[in-house]
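Analysis of the macromolecular model
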Amino acid sequence: MATYRLPRVLNEVIRSHQDRFIRPVQPKNGVGAFVFPCRKLVFNYCERSGSSKSMMEYLQKEATRFATENPQIEVIVQPRPSKHPIVRAFYTNGEQKTKCVRRCSVSEIPEVVKSLRDHSGHKLQRWNRYVISDTPSVRGIYSPFHDKAVYSISDLKTKK
């Protein structure tokens, strides 16, 4: 049985351009499956401190409901003696964010927890560009104010 072999020149071309033919797929969030950015929430409180009373009340009443509604997030409750109560969030990109809840009431703590849960984990940055693109336009963003001449419909009719 004879096998067909590619010419040597063609094999060299394929090897030199192999990275163009076979590209590794970069995983993107939302393609295939959604990975929640917040992976763990840690509630720290002091059992004797007065500043931790609202946090302890939140943990007794609403923390179990939050944990059952968000099974994708690991919820940890740790005592932290002689310190103010904090909520610490750990994200999938390796970042962490901490919020102190010492002056928050029981009704304000769920808002803090929700903001930590919904945060992406990335540092906040100011965007100076109007359009964010992988392939930026060579000509720039079109604006009608770039045209020097202003045309009206009557001008277009008379040019014919």
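On a predicted model such as this, the values are computed, not experimentally measured, just so you know.

Right, let's talk about the nonpolar core for a bit. It is characteristic of soluble globular proteins that their nonpolar side chains tend to be buried jointly. Among the nonpolar cores identified, the biggest contains 19 residues, and Leu41, Phe43, Met55, Tyr58, Val87 and Val113 are the most heavily contacted of them. With residues up to four places along the chain from it excluded, the contact list for Leu41 reads Phe66, Ile73, Glu74, Val75, Ile76, Val87, Arg88, Ala89, Val113 and Leu116.

Sheets are built from strands paired through backbone hydrogen bonds, the pairs being either parallel or antiparallel. Pairing is mixed in the open sheet, where four strands are placed in the order 2-1-3-4. Every other strand in the sheet has two partners, leaving strand 2 (74–79) and strand 4 (96–100) as the edge strands with one partner each. Ignoring strand direction, the axes of neighbouring strands in this sheet form an average angle of 15 degrees. Bridge count for strand 3 (residues 86–91) against strand 4 is five bridges, and the pairing is antiparallel. By the bridge assignment for strand 4, Ile86 is matched with Cys100. Sheet strands touched by helix 3 (residues 53–61): strand 1 (38–45), strand 2 and strand 3. Its angle to strand 1, the strand with the most contacts, is close to 130 degrees. Here helix 5 (residues 109–118) sits on the sheet in contact with strand 1, strand 3 and strand 4, set at roughly 150 degrees to strand 1.

Let's shift gears to the packing of helix 3 against helix 5. For any two helices packed against each other, one specifies the inter-axial angle together with the distance between the axes. Between helix 3 and helix 5, whose axes approach to 10 Å, the crossing angle comes to 75 degrees. Classed by the angle they form, the pair helix 3 and helix 5 counts as roughly perpendicular. Packed against helix 3, whose contacting residues are Ser54, Met55 and Tyr58, the element helix 5 presents Ile109, Pro110 and Val113 at the interface. Split by residue class, the contact of helix 3 with helix 5 holds five nonpolar, one polar and no charged.

Quick notes on the rules
- Numbering of residues begins from 1 in every chain and follows the order in which that chain's sequence is written.
- Local features in this predicted model are restricted to residues whose pLDDT is 70 or higher, and side-chain atom pairs enter the listing and the counts only when it is 80 or higher, whereas totals over whole chains, interfaces and linings include all residues.
- Derived side-chain values reflect all non-hydrogen atoms in the structure, with water molecules and hydrogen atoms excluded from consideration.
- For this analysis, a nonpolar core means a set of buried residues of the types Ala, Val, Leu, Ile, Met, Phe, Trp, Tyr and Cys, connected via side-chain atoms within 4.5 Å.
- Each residue is placed in one exposure class: buried if its accessible area under a 1.4 Å probe, protein chains only, is under 20% of its type's maximum, exposed if it is over 50%, and partly exposed if it falls in between.
- Here, residues are in contact when the closest pair of their heavy atoms is within 4.5 Å.
- Pairing between strands is defined by DSSP: at least two bridges between the two strands are required.
- Only DSSP runs of H or I covering at least 4 residues are called helices, and only runs of E covering at least 2 are called strands; the numbering of each starts at the N terminus.
- Each axis is a line fitted through C-alpha atoms, and for a helix only the stretch in contact is used; angles between axes span 0 to 180 degrees, taken between their N-to-C directions.
- Angles below 35 degrees are treated as roughly parallel, those above 145 as roughly antiparallel, those between 65 and 115 as roughly perpendicular, and all remaining angles as oblique.
- Residue type decides the class: Asp, Glu, Lys and Arg count as charged, Ala, Val, Leu, Ile, Met, Phe, Trp, Tyr, Cys and Pro as nonpolar, and the leftover types, Gly among them, as polar.

None of this, on its own, says anything about what the molecule does.
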